Amino acid sequence: MRQVDAVIAQRLNSGVPLVGSVSQYIITAGGKRLRPSLLLLCCGALGCDSEQRFNMAAVVEFIHTATLLHDDVVDDSALRRGRATANATFGNPASVLVGDFLYSRAFQMMVDAQSMRIMQVLADATNVIAEGEVMQLMNMHNAELDEAGYLHVIRSKTAKLFEASARVGAILAGAESALEEACAEYGQALGTAFQVIDDVLDYAGDASVMGKSVGDDLREGKATLPLIAAMQRGTPEESATIKKAIETGDLSMLELIVSIVKRTGALDVARNAARQEALRAISAAKRLPQAPHTDCLIQLATQLLERDH
């Protein structure tokens, strides 16, 4: 990861000072670097030591960072990872344009791998992520969204880049198709579990630990799995309260809604959905060669369920 960070620092260089300032601000904000870690772990599990693994790991982090910059503008978020978002600090125009720079820089770097297959996987993933963001936008304040629709959005918006990161690791290793598919399935399952737990924490987490405000999803009108499950399991009055809050983004009832979500067992429903995805990831990882990197992939999926931020 130190070598990945060195590539990131080198490729953030731009003749335009504001580009460097905004990029550095968000990339050094203490992110988990999960996607590049996933790429490196899959490379390691399959015996790949190509120098390109550091370059491609930086590429997936750039794509992820670009989506964060654009996300925070769309969501009008003020806090990420415990500090002011880039848009709150530099303004919306700078955040959008630097997000564009990071996308285009990532595509410049992809060419270095000299692999049409890698370019296809990452280009397709970037397109699916954008579609997922638009689907989420269309579903804002939609209290009729069901679990299948919710999963479709998060598999596009979040899990797709996890899947692509793991798949690129396998491609760099020259792995046979069965191993490549195992890596891709691991990434998709892990990414889905990650997002479900993230949505659980919006109602069960501690804002000081999470680094973002509790209730942000409700303010933005997002019908996430905890709310969908609570509406299914609550009384008609409780369901109506949640529905109204989703449709209006009214946070005045947040305390009541959190209590409904907890009382109905909706958090357990969502955690169980995440657990099933984590088990699917572990099962996929067990199809890879036995190696310390494979053990790390299994451990990562196991520990994901215990995250609090």
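Parameters and conventions
- Residues numbered from 1 in each chain as written.
- Predicted model: local features only at pLDDT ≥ 70, side-chain atom pairs only at ≥ 80, totals over all residues.
- Heavy atoms only, no water.
- Helix = DSSP H or I, 4+ residues; strand = E, 2+ residues; numbered from the N terminus.
- Contact = heavy atoms within 4.5 Å.
- Core = buried A, V, L, I, M, F, W, Y, C linked by side-chain atoms within 4.5 Å.
- Buried < 20%, exposed > 50% of the residue type's maximum accessible area, 1.4 Å probe, protein only.
- Axes fitted to C-alpha atoms, helices over the stretch in contact; angles between N-to-C directions.
- Parallel < 35°, antiparallel > 145°, perpendicular 65-115°, else oblique.
- 1 Å grid on protein atoms, 1.4 Å probe; cavity = no way out; pocket = protein on both sides within 12 Å on 5 of 7 lines; lining within 4 Å.
- Points joined across faces, edges and corners; volume = space filled by probe spheres on them.

### As for the side chain of arginine 35
The topology assignment puts arginine 35 in helix α3 (residues 34–45). The residues touching arginine 35, leaving out its near neighbours within four places in the chain, are Val60, His64, Leu161, Phe162, Ser165 and Phe194.

### Points about the nonpolar core
Among the nonpolar cores identified, the biggest contains 55 residues, and Tyr186 and Tyr203 are the most heavily contacted of them. Of all the secondary structure elements, the ones that give two or more residues to this core are α3, α8 (147–172), α9 (177–204), α12 (225–233), α13 (236–248), α14 (254–263), α15 (266–285) and α16 (292–304). For this core, the element with the most residues is α9, which contributes 13 residues. Of all hydrophobic cores here, the second largest spans 44 residues; its members include Ile26, Ile63, Ala106 and Leu172.

### A short note on unusual backbone geometry
We note that aspartate 76 has phi near 55°; this positive angle belongs to a residue other than glycine. Mapped onto the elements, aspartate 76 comes out in the loop between α4 (52–75) and β1 (79–80). Look at histidine 141: it is not a glycine, yet its phi comes out positive at around 65°. Along the polypeptide, histidine 141 turns up in the loop between α7 (116–138) and α8.

### Quick look at the packing of helix α2 (residues 17–27) against helix α6 (residues 92–110)
Packed helices, taken two at a time, are described by their axes: the angle between them and the distance between them. The interhelical angle for the contact between α2 and α6, taken along N-to-C directions, is 90°, at an axis separation of 10 Å. Compared by their axis directions, α2 and α6 come out roughly perpendicular. Of α6, the residues touching α2 (which contributes Leu18, Val19, Val22 and Ser23) are Ala94, Val98, Phe101 and Leu102.

### A closer look at empty space enclosed by the protein
Applying the stated criterion across every chain yields a total of one cavity of 30 Å³ or more. Approximately 60 Å³ is the volume found for the largest cavity. Around the largest cavity, the lining residues are Tyr25, Ile26, Ala29, Asp72, Arg80, Arg83, Ala84, Thr85 and Ala86.

### A few points about the environment of lysine 157
By the secondary structure assignment, lysine 157 is in helix α8. Using a relative accessible area of 14% as the deciding quantity, one classes lysine 157 as buried. Placed 102 residues apart in sequence, lysine 157 and serine 259 show a C-alpha to C-alpha distance of 28 Å. Ignoring any residue separated from it by four or fewer positions in sequence, one finds lysine 157 in contact with Asp71, Ile129, Gly132, Glu133, Gln136 and Gln195.

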